[in-house]
Amino acid sequence: MTMYGAIEAGGTKMVCAVGDETGKIIESTVIPTETPALTMPQIIEWFKKFDIKALGLACFGPIDLHEESETYGYITSTPKLEWENFNILGCLKEALNVPVGFDTDVNGAILGEMAYGSAKGLTDAVYITIGTGIGGGVLSNGKLLHGMLHPEIGHMFIPRHPKDDFTGLCPYHGSCFEGLASGPSIESRWGAPGAELSDREEVWDLEAYYIAEAITAVTMVLSPQRFILGGGVMKQEQLFPMIRRYVGQMIAGYLRTKELEDLNSFIVPSSLQGNQGILGALKLAIDAAE
Ligand code: ADP
Ligand code: ZN
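Source: prediction; values computed, not measured. (Residues numbered from 1 in each chain as written. Chains lettered and ligands numbered in written order. Predicted model: local features only at pLDDT ≥ 70, side-chain atom pairs only at ≥ 80, totals over all residues. Heavy atoms only, no water.)

Engineer: Any details on the overall build of the chain? Residues and values, ideally.
Structural biologist: On a plain count of helices and strands, the chain comes out with 10 helices and 12 strands. For a compact globule of 290 residues, the expected C-alpha radius of gyration is about 19 Å, and the chain comes in at 19 Å, within 12% of that figure. Relative to its full complement of 290 residues, the chain shows a buried share of 53%. Once local pairs closer than 6 in sequence are excluded, the contacts in the chain between residues at least 24 apart make up 61%. When the accessible surface of the chain is totalled, it reaches about 13400 Å², and 51% of it is carbon and sulfur. Of the side chains in the chain, 20 bear a positive and 36 a negative charge, and the two mean positions are spaced by 5 Å. (Helix = DSSP H or I, 4+ residues; strand = E, 2+ residues; numbered from the N terminus. Rg over C-alpha atoms; globule rule 2.2 N^0.38 Å. Buried < 20%, exposed > 50% of the residue type's maximum accessible area, 1.4 Å probe, protein only. Contact = heavy atoms within 4.5 Å. Areas by Shrake-Rupley, 256 points an atom, 1.4 Å probe, with all protein chains shown as cover. Lys, Arg positive; Asp, Glu negative; His and termini not counted. Charge placed at Lys NZ, Arg CZ, Asp CG, Glu CD.)

Following this line, the structure appears as structure tokens:
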């Protein structure tokens, strides 16, 4: 059996797995994200136990995705300073000597959804994670969207709710989408973490409003067939119907498509139980081997 390696590289942990081309994970492990000097050797040692044909790396960022760039494969301007300007791709390629497919963590997630989950059969779909930060991966015309760098859906500007006077937590923009609606923003605005606010209706009404503004804006720009929402904040499942209702109101009948007629299937949770990132990384490996 041909085996592929997969890494979902996050700011707190590195999920490592080996799997086959059907998307079956055979073995996996979690290594904490400390510093490159501490963390990378553990990752490399783990993968050396297996005979992998290629590796997929879905990585937190911002990262450099341009193959012709001198800093291709580097983590660039991350707030995790030990990882800033670290050549994570080069480090793994050199140590493991296999082809490595490389993309953002959230592009990994939408790729996983396309290959094995809620975006199967679609050519245009968006994955948004709402957790410590907000990020979005984009599948456009059947390909992962990079553009100049890669989309940064979490940092788009969305109109503030008229009754909300919270400054916003983004160190760059204050009240961008992430600044207004991330998990830490919820905690800072309401004085308790989201998990403890489940029965405070006004909390989720405002959160749904901001997520709906973002979905509406992305719909107008990219025209995706589906949105898949994940991350810690989306564990508040009551958000889904509220978001759908606001999106319907915000689009206001302007677009008439079969997708928007059925908002229950236009805006959905992940169907991969939190494995969308690692499965996307596995698909990156399978694609890199070809
Ligand atoms: P990360 O983004 O760091 O990878 P998560 O996606 O789990 O991790 O997001 C963590 C954030 O989600 C925290 O800000 C936390 O307060 C929030 N969160 C986690 N669980 C819940 C929950 N059940 N309800 C609301 N918010 C939650
Ligand atoms: Zn921002």
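After that view, the rundown keeps rolling.
Engineer: Can you explain the coordination of the zinc ion (ligand 2)? Please cite residues and give values.
Structural biologist: For the zinc ion (ligand 2), every protein donor is listed as His 155 (ND1), Cys 170 (SG), His 173 (ND1) and Cys 176 (SG), and the spread of their distances is 2.1 to 2.4 Å. Considering all four donor atoms around the zinc ion (ligand 2), the spread of angles at the metal, 104 to 117°, places the coordination shape in the tetrahedral class. For the zinc ion (ligand 2), the single-chain donor residues occur in sequence as H-x14-C-x2-H-x2-C. (Donors = N, O, S within 2.8 Å, 3.2 Å for Na, K, Ca; no water. Tetrahedral: all angles 85-135°; square planar, octahedral: opposite > 155°, others 65-115°.)

Engineer: Help me get a handle on helix 6 (residues 201–222), residues and values and all.
Structural biologist: For helix 6, built from 22 residues, the straight-helix expectation of 32 Å at 1.5 Å per residue is met to within 8% by its first-to-last C-alpha distance of 31 Å. With its phi angle positive at about 55°, Ser 223 sits one or two positions after the end of helix 6. (Expected span 1.5 Å × (residues − 1).)

Engineer: Break down the nonpolar core for me, citing the residues and quoting the values.
Structural biologist: Counting 40 residues, the largest nonpolar core has Ile 128, Phe 177, Ile 215, Leu 229, Ile 243 and Ile 267 as its most contacted members. Sorting the residues of this core by element identifies strand 8 (125–130), strand 9 (134–140), helix 4 (177–181), helix 6, strand 11 (226–230), helix 7 (239–251) and helix 9 (263–266) as the ones contributing at least two each. With near-sequence residues (within four places) excluded, Ile 267 lies in contact with Ile 215, Phe 227, Leu 229, Phe 240, Ile 243, Arg 244 and Val 247. Grouped together as the second largest cluster of nonpolar side chains are 31 residues, Met 40, Leu 55, Tyr 72 and Leu 96 included. (Core = buried A, V, L, I, M, F, W, Y, C linked by side-chain atoms within 4.5 Å.)

Engineer: Report on the environment of Val 106, specifying residues and quantitative values.
Structural biologist: For Val 106, the location among the structural elements is in helix 3 (residues 105–116). The buried category is assigned to Val 106, whose relative accessible area is 9%. Along the primary structure Val 106 and Ile 128 are separated by 22 residues, whereas in three dimensions their C-alpha atoms are 7.3 Å apart. Setting aside residues up to four positions removed in sequence, Val 106 forms contacts with Tyr 127, Thr 129, Gly 135, Gly 136 and Gly 137.

Engineer: Give me the layout of surface pockets: which residues, what numbers.
Structural biologist: Considering only enclosed or pocket space, the second largest pocket measures out at about 410 Å³ in volume. Residue lining of the second largest pocket: 19 residues in total, with Phe 102, Asp 103, His 146, Leu 284 and Asp 287 positioned closest to the centre. At the level of secondary structure, the elements contributing two or more residues to the lining of the second largest pocket comprise strand 7 (100–104), helix 3, strand 10 (143–144) and helix 10 (276–289). Partitioning the lining of the second largest pocket into residue classes produces 10 nonpolar, three polar and six charged. (1 Å grid on protein atoms, 1.4 Å probe; cavity = no way out; pocket = protein on both sides within 12 Å on 5 of 7 lines; lining within 4 Å. Points joined across faces, edges and corners; volume = space filled by probe spheres on them. Nonpolar A, V, L, I, M, F, W, Y, C, P; charged D, E, K, R; others polar.)

Engineer: Outline the pattern of salt bridges, listing residues and values.
Structural biologist: The tally for this structure, following the rule as stated, stands at four salt bridges. With a closest N to O distance of 3.1 Å, Glu 259 and Lys 258 form a salt bridge. Notably, a salt bridge pairs Asp 287 with Lys 283, separated by 2.9 Å at the nearest N-O pair. Of this pair, Asp 287 and Lys 283 both sit in helix 10, four residues apart, which is roughly one turn of that helix. Residue class for Asp 287 comes out partly exposed when judged on its relative accessible area of 33%. (Salt bridge = Lys/Arg side-chain N within 4 Å of Asp/Glu carboxyl O.)

Engineer: So, the packing of aromatic side chains: which residues are in play, and what are the values?
Structural biologist: In the structure shown here, the tally under the stated rule is eight aromatic pairs. Ring geometry for Tyr 72 against Phe 102: centres 6.0 Å apart, planes inclined by 85°, an arrangement best described as edge-to-face. Of this pair, Tyr 72 sits in the loop between strand 4 (52–59) and strand 5 (74–75) while Phe 102 sits in strand 7, and the two are 30 residues apart along the sequence. For Tyr 72, a relative accessible area of 18% gives the class buried. (Phe/Tyr/Trp six-rings, centres within 6.5 Å; stacked < 30°, edge-to-face > 60°.)

Engineer: Mind laying out unusual backbone geometry, listing which residues take part and the relevant values?
Structural biologist: Of note, the bond from Gly 61 into Pro 62 is cis; its omega dihedral lies within 30 degrees of zero at 5°. Mapped onto the fold, Pro 62 is located in the loop between strand 4 and strand 5. One non-glycine residue, Gln 273, lies in positive phi territory at about 50°. As for its position among the elements, Gln 273 is in the loop between strand 12 (267–269) and helix 10. Of the residues examined, Gln 273 reaches a relative accessible area of 70% and is grouped as exposed.

Engineer: Give me the lowdown on helix 7, citing residues and values where you can.
Structural biologist: Helix length check: helix 7 (13 residues) gives 18 Å between terminal C-alpha atoms against 18 Å at 1.5 Å per residue, within 8%. Looking only at helix 7, the buried set comprises Leu 239, Phe 240, Met 242, Ile 243, Arg 244, Tyr 246, Val 247 and Ile 251. Tucked into the core, helix 7 has its buried residues touching helix 6, strand 11, helix 8 (258–261), helix 9 and strand 12. Of the residues trailing helix 7, Ala 252 is marked for its positive phi of about 55°.

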